[in-house]
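Listed below, chain by chain, are the residues.
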Amino acid sequence: MYVCLCNRISDKTIKTLVRNNHITSISGLKKCVSISSHCGKCLPQATQLIQNEQINLSVVTDIDAVQ
Ligand code: FES
């Protein structure tokens, strides 16, 4: 699913970038892709995706620490 229609950036792309590049903010994401560079309607959803991926990554790290 596209999050940023203006730049054709999908949720999958954002999740992959967050995981692989340790992105924690929109400014970090903007260094990798041109998200929110036109209308800006994608900004809330992109922010939420980054936050969700950070939570997912911390859960995985916690599980790894227990094992
Ligand atoms: S939807 Fe992302 S800049 Fe327009």
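Residues numbered from 1 in each chain as written. Predicted model: local features only at pLDDT ≥ 70, side-chain atom pairs only at ≥ 80, totals over all residues. Heavy atoms only, no water.

Draft legend 1. Representation of the overall build of the protein chain in the model. The number of helices and strands found in the protein chain is three helices and two strands. Counting from the amino terminus, helix and strand elements in the protein chain follow one another as β-β-α-α-α. The C-alpha extent of the protein chain, read off along each of the three principal axes, is 45 × 20 × 15 Å. Out of the 67 residues in the protein chain, the part that is buried amounts to 30%. With the model as given, the accessible surface of the protein chain reaches about 4,600 Å², and the carbon-plus-sulfur share is 53%. Taken as two groups, the 7 positive and 4 negative side-chain charges of the protein chain have centres that lie 16 Å from each other. (Helix = DSSP H or I, 4+ residues; strand = E, 2+ residues; numbered from the N terminus. Buried < 20%, exposed > 50% of the residue type's maximum accessible area, 1.4 Å probe, protein only. Areas by Shrake-Rupley, 256 points an atom, 1.4 Å probe, with all protein chains shown as cover. Lys, Arg positive; Asp, Glu negative; His and termini not counted. Charge placed at Lys NZ, Arg CZ, Asp CG, Glu CD.)

Draft legend 2. Expanded view of the nonpolar core. Counting 15 residues, the largest nonpolar core has Ile14, Leu29, Ile35 and Ala46 as the members making the most contacts within it. The set of elements that each furnish at least two residues to this core consists of strand 1 (2–4), helix 1 (11–21), helix 2 (26–30) and helix 3 (43–66). When neighbours within four sequence positions are excluded, Ala46 is seen to be in contact with Val3, Ile14, Ile26, Leu29 and Ile35. (Core = buried A, V, L, I, M, F, W, Y, C linked by side-chain atoms within 4.5 Å. Contact = heavy atoms within 4.5 Å.)

Draft legend 3. Broad picture of the environment of Gln51. Relative to the elements of secondary structure, Gln51 occurs in helix 3. When the C-alpha positions of Gln51 and Arg8 are compared, they lie 21 Å apart, and in sequence the two are 43 residues distant.

Draft legend 4. Focus on a nonpolar patch on the surface. Together, Ile55, Val59 and Ile63 line one region of the surface with nonpolar side chains, adding up to about 250 Å² of accessible area. Mapped onto the fold, Val59 is located in helix 3. Residue classification places Val59 among the partly exposed residues on the basis of a relative accessible area of 40%. (Patch = residues over 30% accessible without salt bridge, like charges linked within 9 Å, V, L, I, M, F, W, Y side chains within 5 Å. Salt bridge = Lys/Arg side-chain N within 4 Å of Asp/Glu carboxyl O.)

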